[in-house]
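Residues per chain are reported as follows:
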Amino acid sequence: MNSIKNNSLLLSLLWTILLSGLLFLNIQELQRNPIQHAELQAKSLIKSVISFRAWASNFGGVYVHPSNQYPPNPYLKTQERDVITTDGKKLTLINPAYMTRQVFQDFYGKDGINGHLTSLKLLNPNNRPDAWEHKSLLAFEKGSKQETTIETTSSGDRIFRYMQPLYIEEKCLKCHGNQNYKVGDVRGGISTFINLKKSEAITLKSIRSIVWTYALVWLIGLAGILISYRRSILLEIERDQRINLLSVSQNLAQEFISEMSETSNLEQSLQAISTMLEKRDPYTAGHQQRVADLAEKIALELGLSKEQAHGIRLAGIVHDIGKIQTPAEVLTKPGKLTDIEFSLIKLHPQTGYDILKNIKFPWPIAEAVLQHHERLDGSGYPQGLKGKKIILEARIISVADVVEAMSSHRPYRAGLGLEAALEEITSKRGIHFDPDVVDACLRLFKEHGYKFD
Ligand code: HEC
Ligand SMILES: [Fe+2]
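Predicted, not measured: the structure shown is a model, and the values here were computed from it.

A.B. asks: Describe the sheet that holds strand 4 (residues 113-118), naming the residues involved and giving the relevant values.
C.D. replies: Two strands in a sheet stick together by hydrogen bonds in their backbones, pointing the same way (parallel) or opposite ways (antiparallel). The antiparallel open sheet is built from four strands, whose spatial order is 4-7-6-5. Pairing within the sheet leaves two strands with one partner each, and these edge strands are strand 4 and strand 5 (147-152). If you compare each strand with its neighbour and ignore which way they point, the axes differ by 20° on average. In terms of strand pairing, strand 5 meets strand 6 (residues 158-167) through six bridges, oriented antiparallel. Looking at strand 6, one finds that Thr 152 is bridged to Arg 158. Across the sheet, helix 3 (residues 131-141) is in contact with strand 4, strand 5, strand 6 and strand 7 (186-195); its angle to strand 7 comes to roughly 135°.

A.B. asks: Could you give an account of the sheet that holds strand 3 (residues 90-94), naming the residues involved and the relevant values?
C.D. replies: With antiparallel pairing, the three strands of this open sheet are ordered in space as 1-3-2. Two strands bound the open sheet, and with one partner strand each, they are strand 1 (62-64) and strand 2 (82-84). The sheet shows a mean angle of 35° between the axes of neighbouring strands, direction not considered. Of the pairings in the sheet, the one linking strand 1 to strand 3 comprises three bridges and is antiparallel in character. Paired with Tyr 63 across the two strands is Leu 93, which belongs to strand 3.

A.B. asks: Would you mind going over the packing of helix 14 (residues 418-427) against helix 15 (residues 435-446) in detail, with residue names and values included?
C.D. replies: Following both chains from N to C, one finds helix 14 and helix 15 inclined at 155°, their axes separated by 10 Å at the closest point. The angle between helix 14 and helix 15 places the two elements in the roughly antiparallel class. The two elements helix 14 and helix 15 meet at a crossing, and its hand is left-handed. Between helix 14 and helix 15, the contacting residues are Leu 422, Ile 425 and Thr 426 on the first element and Val 438, Cys 441, Leu 442 and Phe 445 on the second. Across the contact of helix 14 with helix 15, the residue classes tally to six nonpolar, one polar and no charged.

Basis of the calculations
- Numbering of residues starts from 1 in each chain and follows the order in which that chain's sequence is written.
- Chains and ligands are labelled sequentially in the order written, the chains with letters from A and the ligands with numbers from 1.
- The model is predicted, so local features are restricted to residues of pLDDT at least 70 and side-chain atom pairs to those at 80 or more, both for listing and for counting; the totals for chains, interfaces and linings are taken over all residues.
- A pair of strands is labelled paired if DSSP reports no fewer than 2 bridges between them.
- In this description a helix means any DSSP run of H or I spanning at least four residues, a strand means any run of E spanning at least two, and both kinds are numbered starting from the N terminus.
- Note on method: axes are straight lines fitted to C-alpha atoms, helices fitted across the in-contact stretch only, with angles between N-to-C directions ranging 0 to 180 degrees.
- Throughout, a pair of residues is in contact if the C-beta atoms placed from their backbones lie within 7 Å.
- By the definition adopted for this analysis, an angle is roughly parallel if under 35 degrees, roughly antiparallel if over 145, roughly perpendicular if from 65 to 115, and oblique otherwise.
- Working rule for handedness: look at the near helix, and if it is turned counterclockwise from the far one by less than a right angle, call the crossing left-handed; if clockwise, right-handed.
- Note on residue categories: nonpolar means Ala, Val, Leu, Ile, Met, Phe, Trp, Tyr, Cys or Pro, charged means Asp, Glu, Lys or Arg, and polar means any other residue, Gly included.

Spelled out as structure tokens, the structure:
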């Protein structure tokens, strides 16, 4: 039984470890999501910025009508920066960096995404790199192709930052040529900011729901283990009981056989069987003996032959032998019996019959044992026989049994006394008990001064 308990504990432990391990991996995977997502966003942002910058660079910048919002770029030092069309309208040249800066300033930033164009060698001091950008630009000079970091703002938001280098191409030299750049040099970089707040909130939600799911699966698993544990315990107990019963009856049978072979006389043999029962059930010790004696005397009082009376005595000696199969807890239980326990007790006449039926006696001993709880009106057990269907031997033993049982002590009640016992058979005379047998019994006690040993 211990091994089942240990196995169940081990199983629960393994189940818990398995699920918490899987949950851990799952959460780790989920926690990577916001960053992976941010990296993709950053890359696609940079890709599109580089694309429209390249497009503008192809033309050496593009001309637009200047406005208050987008005035001519003071840092663009080309002669052709400002031109006038043939019909007198002003146009100003927008270099790619100016365009990029304006786009970032005016169209990004609101939804937690932004970018920044910067360099170590500035034409426009406003494009100054911050500390991390500065470090990244130095890394680009040494050949790095991308840099990432995560920063926490003063308001507690986590910002994913990603930066890529910008290299000098032929078309850049038109404006950046005088800064001593060669094609392929790192001109600067585009850095991006992605606020992780939103996607981390979403991730937290999914982590929560996954934890609940795991908890549910975990509990279901544990319940399953508990149920199978309880079932196997019950099976084990049942098996133990069966083995126990088996060994008890084996021992008894062996004892019985050896005692039988040692005693030649029939009465002594039956006495031996009776003693075996009384060893298990001290409360009925002597009960069978006294019932046998009283039953024999009733038989003689009824005028039966000595021979027949002797047979009745023998039946009395073993009338409860079937109780050998009743669990000892039931036999010796103090207090009231449950229905189930009582139904176990009720099996004893049939068991006694089964034990005795194959022994050849000159008297119907097995039948008397089988019928000793039958009642005249059919209210007895096991067969519910009525009237003369119950053999005389059994009718005599049942009266002797009740008188003896009521007047002596039982585990569940003190003896009620002989008077009460005689009143009982008198009141049930002709209903439960054979009237002649009852009368003979009353005469024995009242006229012949019969006493139990
Ligand atoms: C039409 C002239 C022009 C062309 C072509 C041009 N740039 Fe610039 N670029 C400028 C000017 C002017 C600035 C500084 C003012 C500003 O921020 O607008 C600048 C700024 C930059 C900056 C920001 C750092 C700083 O010095 O302020 C980077 C990086 C940059 N350019 C890269 C490039 C690259 C790479 C190319 C080629 C793909 C290129 N530019 C083509 C004119 C040009
Ligand atoms: Fe009995």
